[in-house]
Amino acid sequence: MPEPTTASIQAAVEARRDEIVQMLLHLVAIPSVTGNEGDAQRFVAETLRSDGLEVHSFLSSEEEIAPYVTHVGEQPSFDDRPSVVGTLKGRGESKSLMIGGHVDTVPVEDRARWEYPPEGQLVGDRIYGLGATDMKGGVVAAMMVPRILHDLGVHLAGDLFINSVTGEEDGGLGTMSTILQGYHPDGVVITEPTYQRVGVASGGSLVFRITVTGKAAHGGNRNQGVNAIEKFIPIFQDLLAWEAERQATVHHPLYDHYENKFPINVGSIRAGEWASTVPDKLTAEGRLGFLPGESMESMMEQTHQRVAAVAEKDDWLSEHPPVVEFFSGQFVAEEIPVDHPLTQAVLAAHKDISGEETEAWALTAGTDARLWIHFTESPAVLYGAGLLHLAHQSNEYNEVEPLLESIAVLTRLAIDWCGIADS
Ligand SMILES: [Zn+2]
């Protein structure tokens, strides 16, 4: 059959406008804070099944995830947290494509700050609600693609997988499980809210803890003790100096416009018990960012070296070296090239539907795309409607027009990437 025209794809999406809005409102209304994704995932699975897809719903297990726990984080529970893959089997030999994203959300922080209910409400062109932009809008967009293809009478040659996962906000449990189930699509598009840019790079991050030992004494005789807070100050100053040095010397074309490419943030400090006691211990915890091209191992090594170099210049610290540890979820930094066929295909599909160029884009935060790129041969990018800066905020919303446009783009992409079957 001939390729559907741009206008016919747009018309097919437009015809389902109300249904798309209703489906997003429905999914937003199902609570799915990380750890409690069961009900939302059942809705996704049932919808895909009733649309004629072959549905595979699977739980993650502690044993299977154990080797990857530094990447996906500790889990509150493994119960009733299914991941879902709906397969629209291709009728030929061609490349396969996976589209989808995470159904979990962060909790509502402060309900009083919400002007509209976090359970969802349509206001003009905006769909308000928790997860409307991050990223139930993207999940709905992916779910709609098989329907639009059906409306157009298109049978794809390659397989199309619609993926809905759990645990992304915590590190990526569902995506890791999907990978471990053996899926290896020829392309993955995660429909995170990227303002419809093509997200090709995810920044990495490490969470560190530095413990400094001092010597206790009565505050009235403080010179007989060693204050752990004072001993931490040069370490802290050196972390900031390191951040500034890296900012000036480490370059990446997609990141150089960021005011701070790799923030080093000390987020908590604990020291001392009593105003008139010299504290003998300080624990500082923080997060350190890095870029694609820099390995997690090298960043850990450099952190150790930086702290050790400060300690060497100090009589006390050289005798009592500070301890540097890494804990909690560690995010590798990954990217695929701007000229990769998948990046180019998404850029082209966007141009075809919207009539305007979009751009390849880099994120300072980590996304599930990193897991595909790091652990598999499958290239992965991000592309979706929605405003990333509204994620994890009160009054989060998505907009109807960009959402509809993203569905048309994803449909165009599926046709271009998977090809059309002869019969
Ligand atoms: Zn997200």
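Here the structure is a predicted model, which means the values were calculated and not measured.

### Some thoughts on the pairing of strand S3 (residues 97-102)
(1) Moving on: For S3, a buried count of six out of six residues is recorded, marking the element as mostly surrounded by other parts of the structure.
(2) Moving on: When S3 meets strand S7 (residues 188-190), the two strands line up parallel, connected through three bridges. Within the sheet, the bridge partner assigned to Gly100 lies in S7 and is Ile190.

### Observations concerning the environment of Thr70
(1) Moving on: With respect to the helices, strands and loops of the structure, Thr70 is situated in helix H5 (residues 69-72).
(2) Moving on: Sequence separation of Thr70 and Phe327 is 257 residues, and the distance between their C-alpha atoms is 7.9 Å.

### Overview of the packing of aromatic side chains
(1) Moving on: Under the counting rule described, the total for this entry stands at eight aromatic pairs.
(2) Moving on: A ring pair is formed by Phe58 and Tyr183, whose centres lie 6.5 Å apart and whose planes are at 25 degrees; its orientation type is stacked. Placement of the pair is Phe58 in strand S1 (residues 54-58) and Tyr183 in the loop between helix H7 (173-180) and S7, with a sequence separation of 125 residues.
(3) Moving on: Note on Tyr255 and Tyr258: the rings are 5.9 Å apart at their centroids and 35 degrees apart in plane angle, and the pair reads as tilted.
(4) Moving on: A relative accessible area of 22% means that Tyr258 is categorised as partly exposed.
(5) Moving on: Lys95 extends its terminal NZ or CZ atom over the ring of Trp417, reaching a point 3.8 Å from the ring centre.
(6) Moving on: Above the ring of Phe327, the side-chain terminus of Arg209 is found at 4.0 Å from the ring centroid.

### Topic: the nonpolar core
(1) Moving on: Within the largest apolar cluster, 92 residues are counted, with the highest numbers of intra-cluster contacts made by Leu27, Leu97, Leu160 and Val189.
(2) Moving on: Phe290, Val310, Trp316 and Val324 belong to the second-largest nonpolar core, a separate cluster that totals 25 residues.

### Re the packing of helix H8 (residues 228-249) against helix H9 (residues 296-312)
(1) Moving on: The geometry of H8 relative to H9 is characterised by a closest axis approach of 10 Å and an angle of 130 degrees between their N-to-C directions. With respect to H9, the axis of H8 lies oblique. Of the two possible hands of crossing, H8 and H9 adopt the one that is right-handed. From H8, Pro234, Ile235, Asp238, Ala241, Trp242, Glu245 and Arg246 reach across to H9, where they touch Met299, Gln302, Thr303, Arg306, Val307 and Val310.
(2) Moving on: Taken together, the residues that form the contact of H8 with H9 break down as seven nonpolar, two polar and four charged.

### Some thoughts on the domain arrangement of the protein chain
(1) Moving on: Domains assigned within the protein chain are domain 1 (6-202 + 334-418) and domain 2 (204-326).
(2) Moving on: For domain 1 and domain 2, the distance between their C-alpha centroids amounts to 38 Å.
(3) Moving on: Taken together, the contact between domain 1 and domain 2 spans 12 residues of the former and nine residues of the latter.
(4) Moving on: Carbon and sulfur atoms supply 57% of the area buried between domain 1 and domain 2, which totals about 820 Å² over both sides.
(5) Moving on: When residues of domain 1 are sorted by the area they lose upon contact with domain 2, Glu335, Ala362 and Thr364 head the list and together hold 55% of the total.
(6) Moving on: Summed over the shared surface of domain 1 and domain 2, the number is zero salt bridges.
(7) Moving on: Remark: the boundary between domain 1 and domain 2 carries three residue pairs in polar contact (both at pLDDT 80 or more).
(8) Moving on: Breaking the side of domain 1 that touches domain 2 down by element, the ones donating at least two residues are strand S8 (198-202), strand S15 (334-335) and strand S16 (360-363).
(9) Moving on: Tallying contributions element by element places S16 first for the side of domain 1 that touches domain 2, with four residues.
(10) Moving on: Its residues assigned to classes, the side of domain 1 that touches domain 2 shows seven nonpolar, three polar and two charged.

Parameters at a glance
- Residues numbered from 1 in each chain as written.
- Predicted model: local features only at pLDDT ≥ 70, side-chain atom pairs only at ≥ 80, totals over all residues.
- Heavy atoms only, no water.
- Buried < 20%, exposed > 50% of the residue type's maximum accessible area, 1.4 Å probe, protein only.
- Helix = DSSP H or I, 4+ residues; strand = E, 2+ residues; numbered from the N terminus.
- Pairing = 2+ DSSP bridges.
- Phe/Tyr/Trp six-rings, centres within 6.5 Å; stacked < 30°, edge-to-face > 60°.
- Lys NZ or Arg CZ within 6 Å of the ring centre and 35° of its normal.
- Core = buried A, V, L, I, M, F, W, Y, C linked by side-chain atoms within 4.5 Å.
- Axes fitted to C-alpha atoms, helices over the stretch in contact; angles between N-to-C directions.
- Parallel < 35°, antiparallel > 145°, perpendicular 65-115°, else oblique.
- Left-handed = near helix turned anticlockwise from the far one by under 90°.
- Contact = heavy atoms within 4.5 Å.
- Nonpolar A, V, L, I, M, F, W, Y, C, P; charged D, E, K, R; others polar.
- Domains from an automatic or database assignment.
- Buried area = accessible area lost by both parts, 1.4 Å probe.
- Salt bridge = Lys/Arg side-chain N within 4 Å of Asp/Glu carboxyl O.
- Polar contact = N/O pair within 3.5 Å; in protein donor to acceptor, adjacent residues only side chain to side chain.

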